[in-house]
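Observations on the three-dimensional arrangement
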Amino acid sequence: MVQGTDAGIRLAWPDVGADELAEVADVLASGQLTMGPKVAELEGEVARACEVEHAVAVSSGTAALHLALLALGIGPGDEVVVPAYTFPATANVVTLVGARPVLVDVDPETMNLDPAKVEVTPRTKAVLAVHLFGRPAPLEQLPDVSVIEDAAGALGARRAGRACGGLGALGCLSFHPRKIVTTGEGGAVTTPSAELAERVRSLRHHGWRSDDMPAPGFNYRLSDILCAVGLPQLRRLAELHAARARLAAAYEERLRDLPVLAPRADEGDVHGWQAYVVQVDNRDEVLKSLRAQGVEAQIGTYALHRLGAYNGLGSFPGAARAFERALALPFHSRLGERDLDRVAEALDKLVTSH
Ligand SMILES: *Cc1c(COP(=O)(O)O)cnc(C)c1O
């Protein structure tokens, strides 16, 4: 790790540089800016990383979630189980296809959905399971129902020896700048099914199927320029992941004796380390003070039932607790030992336990 500086400490910093620039230059020189070879190349790398047959590049993680639902034919009258603590896009897409998101509470410690709380009815078409912040969720404990993985933050994560993003009927990845691999904006849908992959490909590209358009679709394509940004990072994914795992270990060591719940994966799993999200009792106070000291910390994510779009859907104490306690710490490869010391020392002075 490099030495830090005394300037502010950023929350995230994408791992992009000369390799990405060279790859983008290739695309510009080729004159083919979309639907070109970089798209297929990126899809190949994503499929390989997720150990799954098919990957389809799309314009965002949210577009990936939207198309995954449509590929399964989910629409009005259907229900989809969604964890109550997640990035809101996970539930928004369910609402926007005309189906009903059924919120299920999360385990307040792991912050992932609690499979024991999932109830399947004849209307339940799928569970949208999130590997939150990269921590693999216990999918194998879910009832017998189609699983869509929201693996937006789980590229490189593994559940019981298997790659996340390859565990469900479909997997959804994001390449937003706060994810381990970024294209600026972007995403992908993965699936072991050739038929589902074809549906996603068609929906991504206006609904075209060879020279016919049997049903309308979207323009959710990812340009070759953006695929070029993602490719070098995908090729060095193991390296990027190892660097994040080292950073997580360095944080854990520094936070060991503090009243801070540090993130980890279940025994036998590999955490994806999209973000480093701890839990503390006095989160709001800690967050405010960290920011005042130039440390760019952030909340974890949202308790959906506390947003206008999803209030009145029930009481979810696990999600409420996670929402109140979760704190994302600065987490990227430019952080040095001194930066981590600075964050840990600040936390040592701020965190109280009750
Ligand atoms: C980032 C993220 C998304 C949305 O991805 P975008 O690419 O920003 O649309 C959805 N779900 C989870 C869990 C995420 O972390």
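Since the model is a prediction, treat every value here as computed from it, not as a measurement. (Residues numbered from 1 in each chain as written. Predicted model: local features only at pLDDT ≥ 70, side-chain atom pairs only at ≥ 80, totals over all residues. Heavy atoms only, no water.)

**Some remarks on the pattern of salt bridges**
Scanning the entire structure with this criterion turns up 26 salt bridges. Of the charged contacts, one joins D341 and R254 as a salt bridge, the two residues approaching to 2.7 Å between their closest N and O atoms. With D341 in helix α10 (residues 337–350) and R254 in helix α7 (residues 237–255), this residue pair connects regions lying 87 residues apart in the sequence. Since its relative accessible area comes to 23%, R254 is described here as partly exposed. Ionic pairing is found between R283 and D284, a salt bridge with its closest N-O pair at 3.0 Å. (Salt bridge = Lys/Arg side-chain N within 4 Å of Asp/Glu carboxyl O. Helix = DSSP H or I, 4+ residues; strand = E, 2+ residues; numbered from the N terminus. Buried < 20%, exposed > 50% of the residue type's maximum accessible area, 1.4 Å probe, protein only.)

**With respect to the sheet that holds strand β14 (residues 326–329)**
Read from one edge to the other, the open sheet built from 3 strands follows the order β11-β14-β12, with strand pairing classed as antiparallel. Edge strands, defined here as strands with exactly one partner in the open sheet, are β11 (276–279) and β12 (298–299). Note: β12 against β14, 2 bridges, orientation antiparallel. When the bridges of β14 are listed, Q298 appears paired with A328. (Pairing = 2+ DSSP bridges.)

**Quick notes on the environment of A250**
Of note, A250 is situated in helix α7. Each C-alpha atom of the pair A250 and D341 lies 9.6 Å from the other, and the pair is 91 residues apart in sequence.

**Digging into the nonpolar core**
The biggest cluster of nonpolar side chains holds 76 residues, and the ones touching the most others in it are Y85, L255, L290, L327, L329 and L347. Broken down by element, the residue count for this core peaks at 7 residues, all from helix α3 (residues 61–71). In contact with L329, other than residues within four places in its own chain, are L11, Y251, L255, Y276, V278, L290, V343 and L347. Judged by nonpolar contacts, the second largest core, of 36 residues, contains A47, L142, L173 and L240. (Core = buried A, V, L, I, M, F, W, Y, C linked by side-chain atoms within 4.5 Å. Contact = heavy atoms within 4.5 Å.)

**Here's the deal with the site of the ligand**
Surrounding the ligand, one finds S60, G61, T62, F87, T90, V130, D150, A152, S174, H176, K179 and G186. The side chain of S174 places a nitrogen or oxygen atom 2.7 Å from an oxygen atom of the ligand. Bound to the protein, the ligand loses 89% of the 380 Å² it would expose on its own. Here the residues of the shell around the ligand sort into 3 nonpolar, 7 polar and 2 charged. (Near = heavy atom within 4 Å. Polar contact = N/O pair within 3.5 Å; in protein donor to acceptor, adjacent residues only side chain to side chain. Areas by Shrake-Rupley, 256 points an atom, 1.4 Å probe, with all protein chains shown as cover. Nonpolar A, V, L, I, M, F, W, Y, C, P; charged D, E, K, R; others polar.)

**A few points about the side chain of T124**
Checked against the element boundaries, T124 lands in strand β5 (residues 124–130). Exposure remark for T124: the relative accessible area of 9% places this residue in the buried category. A distance of 2.8 Å separates a polar atom in the side chain of T124 from the backbone nitrogen of T121. Residues in contact with T124, not counting those within four places in the same chain, are E79, V81, E119 and V145.

**Here's the deal with helix α1 (residues 18–30)**
Helix length check: α1, at 13 residues, gives a terminal C-alpha distance of 18 Å against a target of 18 Å (1.5 Å per residue), a fit within 8%. Within α1 the residues assigned to the buried category are E20, E23, V24 and V27. Buried residues along α1 cover an arc of 100° about the axis, so they all sit on one side. Projecting away from the buried face of α1 at angles above 90 degrees are the exposed residues A18, L21 and A29. In this fold, the buried residues of α1 make contact with α2 (37–49) and α6 (224–235). Once α1 finishes, G31 follows within two positions and takes phi at roughly 80°, a positive value. (Expected span 1.5 Å × (residues − 1). Arc of directions from axis to C-beta.)

**A word on the packing of α1 against α6**
Two elements in contact, α1 and α6, have axes separated by 8 Å at closest approach and are oriented at 145°. For the element pair α1 and α6, the recorded crossing hand is right-handed. Residues D19, E20, E23, V24, V27 and L28 of α1 form the contact with α6, whose own contacting residues are D224, I225, A228, V229, L231, P232, Q233 and R235. Among the residues forming the contact of α1 with α6, the class breakdown is 8 nonpolar, 1 polar and 5 charged. (Axes fitted to C-alpha atoms, helices over the stretch in contact; angles between N-to-C directions. Left-handed = near helix turned anticlockwise from the far one by under 90°.)

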